[in-house]
Amino acid sequence: MAEEKMEVMLTAKQIEGRIKELAEEISEDYRGRKILVIGVLKGAVIFLSDLVRHLTIPVEIDFIAVSSYGADTNSSGVVRILKDLEQSITDKDVLIVEDIIDTGLTLTYLYENLLRRGPKSLKVVTLLDKPDRRQVSFNPDYCGFKIPDRFVIGYGLDFDEDYRHLADLRVLEP
Ligand code: IMP
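This write-up is about the structure you can find in this document. Since we're looking at a predicted model, the values are computed, not measured. (Residues numbered from 1 in each chain as written. Predicted model: local features only at pLDDT ≥ 70, side-chain atom pairs only at ≥ 80, totals over all residues. Heavy atoms only, no water.)

The antiparallel open sheet is built from three strands, whose spatial order is E1-E9-E8. Each edge of the open sheet is held by one strand with a lone partner, namely strand E1 (8-10) and strand E8 (152-153). Where E8 and strand E9 (residues 169-171) come together, two bridges link them in antiparallel fashion. In the strand pairing of E9, Val 152 is matched with Val 171. (Pairing = 2+ DSSP bridges. Helix = DSSP H or I, 4+ residues; strand = E, 2+ residues; numbered from the N terminus.)

Note that Arg 164 resides in the loop between E8 and E9. Separated by 3.0 Å, the side chains of Arg 164 and Glu 161 make a polar contact. Other than its neighbours up to four places away in sequence, Arg 164 contacts Lys 42, Gly 43, Ile 46, Gly 154, Tyr 155, Gly 156, Leu 157 and Asp 158. (Polar contact = N/O pair within 3.5 Å; in protein donor to acceptor, adjacent residues only side chain to side chain. Contact = heavy atoms within 4.5 Å.)

This part is about the pairing of strand E2 (residues 35-41). Of all seven residues making up E2, six are buried, and the element is well covered by its neighbours. Across seven bridges, E2 lies against strand E3 (residues 59-66) in parallel orientation. In the strand pairing of E3, Ile 38 is matched with Asp 62. In terms of handedness, the path from E2 via helix H2 (residues 45-52) over to E3 forms a crossover that is right-handed. By the bridge criterion, five bridges tie E2 to strand E5 (residues 93-101) in an arrangement that is parallel. The partner of Gly 39 across the bridge, within E5, is Val 97. (Buried < 20%, exposed > 50% of the residue type's maximum accessible area, 1.4 Å probe, protein only. Right-handed = clockwise from strand over helix to strand, strands pointing away.)

Right, let's talk about the sheet that holds strand E4 (residues 81-83) for a bit. Spatially, the six strands line up as an open sheet ordered E4-E3-E2-E5-E6-E7, and their pairing is mixed. Where the open sheet ends on each side, the last strands, each with one partner, are E4 and strand E7 (142-146). Ignoring strand direction, the axes of neighbouring strands in this sheet form an average angle of 30 degrees. The strands that helix H1 (residues 12-29) touches are E2, E5, strand E6 (121-129) and E7; relative to E7, the one it contacts most, it runs at about 160 degrees. Seen against the sheet, helix H3 (residues 105-115) touches E2, E3, E4, E5 and E6 and runs at an angle of roughly 170 degrees to E5. (Axes fitted to C-alpha atoms, helices over the stretch in contact; angles between N-to-C directions.)

On to the nonpolar core. Ranked by internal contacts, the top residues of the largest apolar core, which has 31 residues, are Ile 26, Phe 47, Leu 51, Val 125, Leu 128 and Val 152. Every element with two or more residues in this core is listed here: E1, H1, E2, H2, E5, E6, E7 and E9. Here this core takes five residues from H1, the largest share from any one element. Excluding anything up to four places from it in sequence, Val 152 contacts Met 9, Ile 100, Leu 128, Ile 147, Leu 157, Leu 169, Arg 170 and Val 171. The next biggest cluster of nonpolar side chains, apart from the first, holds 17 residues, and it includes Leu 36, Val 40, Val 94 and Leu 107. (Core = buried A, V, L, I, M, F, W, Y, C linked by side-chain atoms within 4.5 Å.)

Okay, unusual backbone geometry next. Excluding glycine, most residues fall at negative phi; most peptide bonds, likewise, are trans. A cis amide bond links Leu 41 to the next residue, Lys 42, at an omega of -10 degrees. Within the secondary structure, Lys 42 sits in the loop between E2 and H2. Of note in the backbone geometry, Glu 161 takes a positive phi value of approximately 75 degrees without being a glycine. Along the polypeptide, Glu 161 turns up in the loop between E8 and E9. Phi is positive for Tyr 163, which is not a glycine, with a value near 75 degrees.

Laid out in structure tokens, this is it:
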């Protein structure tokens, strides 16, 4: 379907406004400290790049890639690290940046994996949360928007690697 015909769930403007608020809250909470921001590839890339530019504290950036669903819109529940971090996170204040929490399986795995590496603190910010689809309980420290159970694309989120570049968040009908 042509992208302009897909329903817009959140406009680029709405997303931008909320990210500024999140960045203010995060900067306040970590005042006087430096954080290591870990982006979960590839969906969180656009969110991360907008978020860090509004932070007013010192920031380091790294990325991790975990297996995704491929062309399937349902989570398999199996998570693997495809690309690991380039640095140690031991004794660092770490903030995981995720695009969306759906079943909660990816972040539960990632959170426990990173916790075992001994960070000073470990928190999670997600742009989107679909609480209706949770299979394991996971509550992010910061959340941009709670959204209904619909498959969304744009602003970094893909379906089979398409649509990540769209500025608005749109609904992909089955
Ligand atoms: P979870 O493990 O089910 O919480 O899935 C998290 C991952 O699934 C996200 O990082 C996305 O890559 C993908 N995902 C979940 N819901 C959507 C969606 O509505 N659109 C695009 N990707 C999604």
